[in-house]
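# Topology and contacts: notes
The chain contents come next:
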Amino acid sequence: MTEAETETKMIRGGRSIVSAPPAFSNDAKNLLICTGNTISVFSTSTGLQVTELEGHTSAVTSVVVVPSLTPASKILCYCWTASLDGTIRYWDFSAPELMKTINIQFPIYCMVIPNFSSEPAESGSKEGDLFAYLSIEKENGQEMQKISIRGQICKCNLTKGRLAGGVTLAETSDPELITVCNSSRLLGIRDKRKLRLWKLTEKEPERANIKKIVLHHTKKLTVLAFHPSERIVAAGDATGRILIWRGVGNRTFAVMNGGLTKSEEDRPGVRGDDDADSCTTLHWHSAEVNLLFFSSDGAYLYSGGKEGVLVLWHLDTGKKRFLPRIGSPLKFFLNSSDPSLASISCTDNRVHLLKMPSMEILKTISGIKPPSFVSKAIGSSNSRFAFDTGAGLVALLTENYCIQLFSLLDDREISEVQVCERNHQPGDEITVIITLVAISQDGSLMSTVENRLPEEEIGGLVCLKFWECQPLNKDFSLSTIIYEPHRDGNLSAIAFHPTRRITVSCSYGGDFKVWVENNAAKPTDNLLKKNGWTCHAVGSYKNKPMTAAAFCLDGSVLAVAAETVITLWDPLKNVLISVIGDSLEPISSLSFVSSSEYLVSASRGSNAQLSVWKMANLSLDWSYKIHIEALAYKPNDASSFAVLAILTEAARRSACNKIKAPDVDGAILLFNAADPVPVATWFVRKAAGGGIAFLNNTSEAACENMITNDKKEPILVYMNGDHEYVLFDLERNTHSIETVISSSRVNDVSTIQQTEQGGGYLAMYGELPEFEMKTNNSNDPSESAPFVPSGRPWETIFSGSTHSLPPLTKLCASFLESLLEMRSTTTTTIE
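Model, not experiment: these values are computed from the prediction. (Residues numbered from 1 in each chain as written. Predicted model: local features only at pLDDT ≥ 70, side-chain atom pairs only at ≥ 80, totals over all residues. Heavy atoms only, no water.)

We now examine the confidence of the model for the protein. Confidence along the protein averages 80 in pLDDT terms, with 76% of residues attaining 70 or more. A low-confidence stretch, residues 1-11 (pLDDT under 50), is modelled with 32 contacts involving residues beyond four sequence positions or located in other chains. Counted against residues more than four places away or in other chains, residues 520-530, with its pLDDT under 50, gives 9 contacts. (pLDDT = per-residue confidence, 0-100. Contact = heavy atoms within 4.5 Å.)

What follows is about the nonpolar core. Among the nonpolar cores identified, the biggest contains 26 residues, and L610, F641, V643, V664 and F671 are the most heavily contacted of them. Of all the elements in the fold, those that place two or more residues in this core are strand 46 (598-603), strand 47 (609-614), strand 48 (619-624), strand 49 (627-633), strand 50 (640-646), helix 5 (649-659) and strand 51 (666-672). The element that contributes the greatest number of residues to this core is helix 5, accounting for 4 residues. Residues contacting F641, with those up to four places away along its chain left out, are V593, V600, V612, W622, A632, Y633, K634, L669, L670, F671 and A673. (Core = buried A, V, L, I, M, F, W, Y, C linked by side-chain atoms within 4.5 Å. Buried < 20%, exposed > 50% of the residue type's maximum accessible area, 1.4 Å probe, protein only. Helix = DSSP H or I, 4+ residues; strand = E, 2+ residues; numbered from the N terminus.)

The subject of this paragraph is the sheet that holds strand 24 (residues 320-323). Spatially, the 4 strands line up as an open sheet ordered 21-22-23-24, and their pairing is antiparallel. Strands with a single pairing partner mark the edges of an open sheet, and in this sheet they are strand 21 (289-294) and strand 24. Strand after strand, the sheet turns through a mean of 20 degrees between neighbouring axes, direction not considered. (Pairing = 2+ DSSP bridges. Axes fitted to C-alpha atoms, helices over the stretch in contact; angles between N-to-C directions.)

To continue, consider the pairing of strand 11 (residues 151-157). Counting buried residues in strand 11 gives 7 out of 7 residues, a clear majority hidden from the surface. Residue alternation in strand 11 divides its side chains into two sets, G151, I153, K155 and N157 and Q152, C154 and C156, and both sets are buried. Relative to strand 11, strand 10 (residues 131-137) runs antiparallel, the two being bridged by 7 bridges. Residue pairing in the sheet places F131 in a bridge with N157 of strand 11. Hairpin connection of strand 11 to strand 12 (residues 162-172): 4 residues between the antiparallel strands, including G161 at a positive phi of 70 degrees.

In the structure shown here, the tally under the stated rule is 14 aromatic pairs. For the ring pair W284 and F322, a centre distance of 5.1 Å and an interplane angle of 45 degrees mean the geometry is tilted. Of this pair, W284 sits in the loop between strand 20 (278-283) and strand 21 while F322 sits in strand 24, and the two are 38 residues apart along the sequence. The exposure class of W284 is partly exposed, given its relative accessible area of 34%. Measuring from centroid to centroid gives 4.9 Å for F512 and W569, while their planes differ by 70 degrees, and the two rings are edge-to-face. Separated by 57 residues along the polypeptide, F512 in strand 39 (residues 512-517) and W569 in strand 43 (residues 565-570) bring together distant segments of the chain. Residue classification places F512 among the buried positions, given a relative accessible area of 1%. Among the aromatic residues, ring-to-ring pairing joins W622, Y624, F641 and F671 into one connected group. Here K155 stacks its cationic end above the ring of F131, 4.4 Å away from the centre of that ring. (Phe/Tyr/Trp six-rings, centres within 6.5 Å; stacked < 30°, edge-to-face > 60°. Lys NZ or Arg CZ within 6 Å of the ring centre and 35° of its normal.)

Here 4 strands make up an open sheet; going across it, the order is 33-34-35-36 and the pairing antiparallel. Only two strands of the sheet have a single neighbouring strand rather than two, namely strand 33 (432-439) and strand 36 (475-483). Across this sheet, the average inter-strand angle for adjacent strands is 25 degrees, counted without regard to direction. Pairing between strand 35 (residues 461-470) and strand 36: 8 bridges, direction antiparallel.

Here it is in structure tokens:
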């Protein structure tokens, strides 16, 4: 496989739409948003995507629309974009068509263009040269780690397609965002506790001498904004204060009046010799300010931060207006050429279109929400999101106690479920954690588990909730609330019956419960309707924690993991059928393969293991010692399933050397259950906290996205720990280039883990350490003494060579169980 083939596209969907400031088109009918390696163009009237600009090979960091200089030129749709791939591109986004590419060979973190001319791309004269100011990363590769100053503000001649030689405005420890004001010709960056500003000339030559201005503050500055018509600069700091400097750059740095400058009394609030006439402070925010923007007439200042509240300041009177309850911290604010339209970007991956000046939210462009800090702490992907494989949806745990229903095929939000009511407040103490979410196979039911934490070790409550789906809009409404569903311990897993409205919940406290919907509930009886689920049966096994559960294809068998063993039950009669397995670590996942001829189990920890059990004789068929993050069976296939594996450090190095990708940390393995050799392997990034699923390939969305094949094979979806995902068709051979990182047919899995077949000691207890066998005394019978099973196992269980014995902890458990079995037989004989 060539290096070009391994440089694959990680993100198919789930891209951030708030990683960089957006840009309105000249007629305000479109909004251009940086989405990963592309620029998505959305309609402001519908909020839907209309086109996409593709060409960059790394994240796009800036988009600048060429302004219209005359009313007739508003129909022109040209823009410049910059990316971490080190290129600047010029587009006609109405076509869409790439018109020009400039390669500066340095990652670009920000780009501004202060001096647009009427024909920026074609002008060849010196006066018509178009310049951009870039924030770049100075060095690439490993040498960068040794350099304390990595950021650089430089100048680029877009007309001639090269960097302006010898023009470096500043060097910083890290690449910084650049802010520009075209009318006042001011350019600036934040640099810790100071602002660095440059005053540009109207018609600047390539190597113009640019005047520099520095403003100081006592706290770390977080955001910068320029007044549209006057020399007024606003900046927010980490404590929530807003500083406004007036008369910036009105004076020169030259010594005046015989070496004396104006006193500080003549420049209130200005520190030292800063070039400003005055500095005032506004304070409402309780945390750092992330957003500052002056209105088009300069009379108002917009501010926002972690509170999720947009504040509108009247600069002359100091009065405030608010847009509260936006729901997440704010990042960017942008005006359009239409005075009645603006946009605001939030950290929950949403862009709101606002009606001005009332600040009413008209439309919302929603991307996939990032994982919450609490859901990341949970660790298991089984609890962080759930797939509706029939509809191609995923339910995600997000901030503010919400479940987001997101279409994987359309890359857009379908609906949102508020599990617990809560207004966004920064720094709130966490009192509730949503620990589980599960969706039924037909997508009609959803279940959530929330854990209300005790206060000062008093109280605490676990709630199990059932939700009914509205088929028209895929919105869920609350059906039943069950408080304290289990007598002890938190819930570990939820499984839905494939054909009936039956649900199983498992508890770390040592039991599982079978819940059924109360069909006697009358639609007009609100009380019964809200309590439509009741407990049908309770089961347990030796009081062991129940850690996972799964139904077979027809629902006739329920598999429940009792810590390290698997118990098989009749779910309707609540009868224990059999007990199989004995892993070294608690089992975290269970799944029947489609035909139910095989059962797959996965455990985590220092002795992690993937095991495949043959249901015909209830025996272990084969296993691997490997950490499994998620597993999924392939529908309409008798024996295929896939697992997402976390690579060990040695396996990671081997994989990285093989496919030339340094950040590989996981692999997707596609198996035929009867064969331990994987059918295919895909190496992936960000596997920790990720998940996989097979989606239905017969939906209209799949056809529209051209993810189809003649056999209508299911689509495999991989979602990583950051909620980025990729879809690919297993029947196509192009996903090695366009999907994850690499794809290859393999004859072994030596880069992942050696196979352990045939049941026996190795499959159950792991690999023994190597011993040096002494051979000096060949007549010593103890060296070759065979281990012969006895009919009295309690007498011979400790016999045999020590290197052949299982661990002592396993021997003790087996020894005690053998004694209990002996006494049970004796008691039966007496009766």
